[in-house]
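Commentary on secondary and tertiary structure
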Amino acid sequence: MARKAKSGATSRGRVTEPPNSATVGLEAKLWAAADALRNNMDAAEYKHVVLGLIFLKYISDAFEAKHAELEAQKAQGANPEDPDEYRAASIFWVPKEARWTHLKANAPQASIGTLVDDAMSAIERDNPSLKGVLPKDYGRPGLDKQRLGQLINLVSDIGLGRPADRAKDILGRVYEYFLAQFASAEGKKGGQFYTPSRVVRVLVEMLAPYKGRVYDPCCGSGGMFVSSEKFIEAHSGRVSDIAIYGQESNYTTWRLAKMNLAIRGIDAQIAHGDTFHADKHPDLKADYVLANPPFNDSDWRGELLKDDRRWAHGVPPAGNANFAWVQHFIYHLAPSGLAGFVLANGSMSSNQSGEGEIRKSIIEADLVDCMVALPGQLFYATQIPVCLWFLARSKKNGRFHDRRGATLFIDARKLGTMVDRVHRELTDEDIAKIAGTYHAWRGDKHSGAYTDVPGFCVAATLDDIRKHGHVLTPGRYVGAEAAEENDEPLPARMKRLAATLRQQQAEGAKLDAAIAANLKELGYGE
């Protein structure tokens, strides 16, 4: 992504099927219908109109399902109008003026925008955790109220919050699909809030954050957190075993993150503010750092932080925040913590403005655990090639093999499948190959034995990295792919190659004669 302007302001997307993948279902049909109602509204603006309504429909559906259940239990003393009954079940209380049935009944009215705004305000009033989060500008003159009513009717046709719908995660699928589609529709700007799900999955599958504190200081719309929870659930773990901390400096994106986590019931401490200049988790030591910081950010006001205690490996240049982010991650790692994050490829080799010396210090401190070069065209917002960094506070902590003095390099640039002319995505097999290689190398249980694969992966020593001038580009280390075995006898192969060469020489002579004849006709011949 050609990242955003302010440090921490970039927002990330989450775990979803990319918008151009082959699966076409409810999400795609709903998007097509919703997008048809967009008219001339900018995608960035329309995004909040649609996602706000989807959120409202979800919490109203969940409320109505619980309301019906309590109605059936009135004889046993249940009170359907007691907000505490809902809060005890982790369901938001929805006051009467905010219930979807009320909004749908008034969808054709010119006042529908004001009614939606009032509904959002009422929900925030009665649910403190949502205060300041929900969009409340549906009544503005520039929003076509007829189209808003049509959008409400469209959203009315999908069940989102009832138990059966929640079991199928319909809301999650729709919400995430829409985020991906908006990223594509917005182009460069879309990258400000969306990290392709397959990139998020590589990070999460490699780090495997089963238990402990998970931290993303530039969390965007919360994709790393959602993916972490899904990873734990998929591996039969307990979501309650992790605690989530995040920060996002862009207020609009912070609201998206709060909604994204709220609809899944994920309890997280997500702060709003500039991570560099107002770190809201200053004493946090995380077991896992997962992040996709803004690339090459030149507007992070680093000149104001020359003496910051986080710069243990050197003062990062004011013109590029890459190594400010890296050192911020290191600063917040627990003694046995692991970090995985996305950066532009330049971070692996740049020597500008002292970056090479900072990278050298980090390498010499034996913090770099693994480097992954990714294929191009994975992001919606930029063609800048990117890589994944994995740092380990301690390479000998009892959890995995002793990896002191060693770093794994993975060159995954040849992986991935084009899903259209400009976008590539990593397949499940690609993700399993990358993550499995890392797990085998670091010694995860049941991960099998690790071996170097020429052209793909190699375990290098600190001395190897020194010989390469502390450059971390995987292509420098993995070498060339092993040549395919050829059973053709050498004499026969040479005879065949010689015949091919003579044929090519004859064709070349014909071409030369044709060019000479054409030049002669034009008066330039001898």
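Remember, predicted model here, so these are calculated numbers, not experimental data. (Residues numbered from 1 in each chain as written. Predicted model: local features only at pLDDT ≥ 70, side-chain atom pairs only at ≥ 80, totals over all residues. Heavy atoms only, no water.)

What to know about helix H14 (residues 428–442)
Along an α-helix, residues three or four positions apart point the same way, because every turn accommodates 3.6 residues. With 15 residues, H14 extends 21 Å from end C-alpha to end C-alpha; this agrees with the ideal 21 Å at 1.5 Å per step. Its buried side turned inward, H14 meets helix H9 (197–207), strand S5 (333–344), strand S6 (368–373), strand S7 (386–392), strand S8 (406–411) and strand S11 (457–461). Positive phi appears at Gly 443, one or two residues downstream of H14, with a value of about 90°. (Helix = DSSP H or I, 4+ residues; strand = E, 2+ residues; numbered from the N terminus. Expected span 1.5 Å × (residues − 1). Contact = heavy atoms within 4.5 Å.)

What to know about the packing of H9 against H14
The interhelical angle for the contact between H9 and H14, taken along N-to-C directions, is 25°, at an axis separation of 9 Å. Regarding the angle of H9 to H14, the classification is roughly parallel. Where H9 crosses over H14, the handedness of that crossing is right-handed. Taking contact as the criterion, the partners of Arg 198, Arg 201, Val 202, Glu 205, Met 206 and Leu 207 in H9 are, on H14, Asp 428, Ile 431, Ile 434, Ala 435, Tyr 438, His 439 and Arg 442. A class-by-class count of the residues in the contact of H9 with H14 yields seven nonpolar, one polar and five charged. (Axes fitted to C-alpha atoms, helices over the stretch in contact; angles between N-to-C directions. Parallel < 35°, antiparallel > 145°, perpendicular 65-115°, else oblique. Left-handed = near helix turned anticlockwise from the far one by under 90°. Nonpolar A, V, L, I, M, F, W, Y, C, P; charged D, E, K, R; others polar.)

Re the pairing of S5
Of all 12 residues making up S5, 10 are buried, and the element is well covered by its neighbours. With five bridges joining them, strand S4 (residues 286–291) and S5 adopt parallel strand pairing. Pairing of Val 289 across the sheet is with Ala 339, part of S5. You can see the chain leave S4, run along helix H12 (residues 322–331) and come back into S5, and the turn it takes is right-handed. The sheet contact formed by S5 and S7 spans seven bridges and is antiparallel. When the sheet's bridge partners are listed, Ala 344 is paired in S7 with Val 386. (Buried < 20%, exposed > 50% of the residue type's maximum accessible area, 1.4 Å probe, protein only. Pairing = 2+ DSSP bridges. Right-handed = clockwise from strand over helix to strand, strands pointing away.)

As for the packing of aromatic side chains
Under the definition given, this model contains 15 aromatic pairs. Aromatic side chains Tyr 251 and Trp 254 sit 5.5 Å apart centroid to centroid with 25° between the ring planes, which places their arrangement in the stacked category. With Tyr 251 and Trp 254 both in helix H11 (residues 251–262) and three residues apart, the pair spans about one turn of that helix. Given a relative accessible area of 10%, Trp 254 falls into the buried group. Site record: aromatic cluster; members linked through ring pairs are Phe 276, Trp 300, Trp 311, Phe 323, Trp 325, Phe 329, Phe 341 and Trp 389. The ring centre of Trp 93 lies 5.5 Å from the NZ or CZ of Arg 99, which sits over that ring. Over the face of the ring belonging to Phe 456 we find Lys 433, whose NZ or CZ atom lies 4.3 Å from the ring centre. (Phe/Tyr/Trp six-rings, centres within 6.5 Å; stacked < 30°, edge-to-face > 60°. Lys NZ or Arg CZ within 6 Å of the ring centre and 35° of its normal.)

As for the pairing of strand S3 (residues 268–272)
With five bridges joining them, strand S2 (residues 242–248) and S3 adopt parallel strand pairing. When the sheet's bridge partners are listed, Tyr 245 is paired in S3 with Gln 269. In this fold, the crossover linking S2 to S3 by way of H11 has right-handed handedness.

Some words on the side chain of Asn 320
Along the chain, the position of Asn 320 falls in the loop between S4 and H12. Residue class for Asn 320 comes out buried when judged on its relative accessible area of 15%. In terms of polar contacts, Asn 320 uses its side chain to reach the side chain of Asn 296, at 3.4 Å. Once residues within four sequence positions are removed from consideration, Asn 320 is found in contact with Asn 296, Asp 297, Ser 298, Trp 300 and Glu 355. (Polar contact = N/O pair within 3.5 Å; in protein donor to acceptor, adjacent residues only side chain to side chain.)

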